[in-house]
Amino acid sequence: MAKKLVIKVTAGADAPERCSQAFTVAAVAVASGVDVSLWLTGESAWFALPGRAAEFELPHAAPLPDLIESIMAAGRITLCTQCAARREITEKDVIEGVRIAGAQVFVQESLADDTQALVY
């Protein structure tokens, strides 16, 4: 079993089930002791901003703010550099603890030993 999990979520409110699945899998993996790195790309980039996750609703799904909190407790969340720039999001805008990084870091994390990468 992979000891590290890199998850790239490309969907936001535009595809709520896919979005929720990515955050749910990340939170469950963290709770299971897996080293998790969740990447926010595309429309999920907005969830790097304070309060935006609270606006997300999906019936029968865990609240996104709770999932983010559990992921941040033992994993990490990264906002794609280009996605942030296209939305004029800067490091001073994001939730404390969210980093902004680019494709080089994503590739490095994804290709590390004992790592599984998933894209939603």
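If you're wondering where the values come from, they're calculated on a predicted model, not measured in any experiment. (Residues numbered from 1 in each chain as written. Predicted model: local features only at pLDDT ≥ 70, side-chain atom pairs only at ≥ 80, totals over all residues. Heavy atoms only, no water.)

A. Broad picture of the overall build of the chain. When you go through the chain residue by residue, the secondary structure sums to four helices and five strands. Its helices and strands in sequence order give the chain the pattern β-α-β-α-β-α-β-α-β, from N to C terminus. Computed over its C-alpha atoms, the radius of gyration of the chain comes to 13 Å, within 12% of the 14 Å expected for a compact globule of 120 residues. Taken along its principal axes, the extent of the C-alpha atoms in the chain is 35 × 35 × 25 Å. The buried share among the 120 residues of the chain stands at 42%. (Helix = DSSP H or I, 4+ residues; strand = E, 2+ residues; numbered from the N terminus. Rg over C-alpha atoms; globule rule 2.2 N^0.38 Å. Buried < 20%, exposed > 50% of the residue type's maximum accessible area, 1.4 Å probe, protein only.)

B. Spatial organisation of unusual backbone geometry. Even without a glycine there, the phi angle at E88 is positive, about 55 degrees. Among the secondary structure elements, E88 is positioned in the loop between α3 (81–86) and β4 (99–101). Positive phi, normally seen in glycine, also occurs at D114, with a value near 60 degrees. Residue position: D114 is located in the loop between α4 (103–110) and β5 (115–119).

C. Inspection of the pairing of strand β1 (residues 4–9) at higher detail. Pairing between β1 and strand β2 (residues 35–40): six bridges, direction parallel. For V9, the partnering residue across the bridge sits in β2 and is L40. Each parallel crossover has a hand, and the one from β1 via helix α1 (residues 16–31) to β2 is right-handed. As defined by bridge partners, β1 adjoins β5 across five bridges and the pair is classed as parallel. (Pairing = 2+ DSSP bridges. Right-handed = clockwise from strand over helix to strand, strands pointing away.)

Limitation: the analysis is restricted to geometry and does not speak to function.
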